[in-house]
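Geometric and topological summary
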Amino acid sequence: MKKTVSLIPLCFLILIVGCESFMKKDYKKPSQPDISSEETRPGNSSNEAVAPPKRSGYLASGSTVKVDTGEGDKKISILEQFEQTRAALVSSKAKTASLEKELVNNKKVKTALETELEETKKQLEAAQQIVIENERLNKQLNESREPYEKKIKELTLELTKAQIEETKAKQELIGLKIEQLSEKKKLKTQDSQ
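Residues numbered from 1 in each chain as written. Predicted model: local features only at pLDDT ≥ 70, side-chain atom pairs only at ≥ 80, totals over all residues. Heavy atoms only, no water.

Notes on the overall build of the protein
Helices and strands together make up the secondary structure of the protein, namely 3 helices and 0 strands. Counting from the amino terminus, helix and strand elements in the protein follow one another as α-α-α. Here the protein has roughly 18900 Å² of accessible surface; of this, 60% comes from carbon and sulfur atoms. (Helix = DSSP H or I, 4+ residues; strand = E, 2+ residues; numbered from the N terminus. Areas by Shrake-Rupley, 256 points an atom, 1.4 Å probe, with all protein chains shown as cover.)

Considerations on the pattern of salt bridges
Under the definition given, this model contains 5 salt bridges. Here Glu133 ties to Arg136 by a salt bridge, and the two come within 2.1 Å at their closest N and O atoms. Here Glu133 pairs with Arg136, and both are found in helix α3 (residues 78–192), just 3 residues apart, close to one helical turn. Across the pair Glu166 and Lys170 runs a salt bridge, and its minimum N-O distance is 3.5 Å. Placement of the pair is Glu166 and Lys170 together in helix α3, with a separation of 4 residues, close to one helical turn. When its relative accessible area of 42% is taken as the criterion, Glu166 is described as partly exposed. Assessed through its relative accessible area of 48%, Lys170 is described here as partly exposed. (Salt bridge = Lys/Arg side-chain N within 4 Å of Asp/Glu carboxyl O. Buried < 20%, exposed > 50% of the residue type's maximum accessible area, 1.4 Å probe, protein only.)

Looking at the confidence of the model for the protein
For the protein, per-residue confidence averages 78 on the pLDDT scale, and 63% of positions sit at 70 or higher. Within the protein, helix α2 (residues 35–40) has the poorest average pLDDT of any element, 45, and α3 the best, 92. Of the regions scoring below 50 in pLDDT, residues 31–48 engages in 9 contacts with residues more than four places distant in sequence or in other chains. (pLDDT = per-residue confidence, 0-100. Contact = heavy atoms within 4.5 Å.)

Here it is, written out as structure tokens:
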């Protein structure tokens, strides 16, 4: 109640100020001659269109309620606007439904990709463990192979020495056989003489 009581003087004040500004506009206007006096003036032909005087006041420029459709000069009735809005709503609902279906499909694809990514991560971790284990075993193999390779080199060297000695012994044996044969030959030649 207090709000309406305080609003009443405010409304009354606005009404008075509005009337005063309206009255001031009427006094400031230059006086316009009547249309009939313009028509009776000499020099005006009847073929020229006489413009009506410009109006002033609250509704001088037309209705105060305008519906802007955003299409400029195109005038559309409220019912046509309503039908267009309804059609736009139906179209928007269809688009929304298709976008929701697409969103659901994208979520399914996302979960499938996340699952696949997790499996790939597990496989990658397993592969990394295998690589680490292979490197460790390779290192152990190299470490265990080194003494055997040294032993093989030593044995190969000894074998080579033994083969050289065997070859020398064979050469000596062949040399001895040659000497024996030559002595036998000498003995035979001496016997035959």
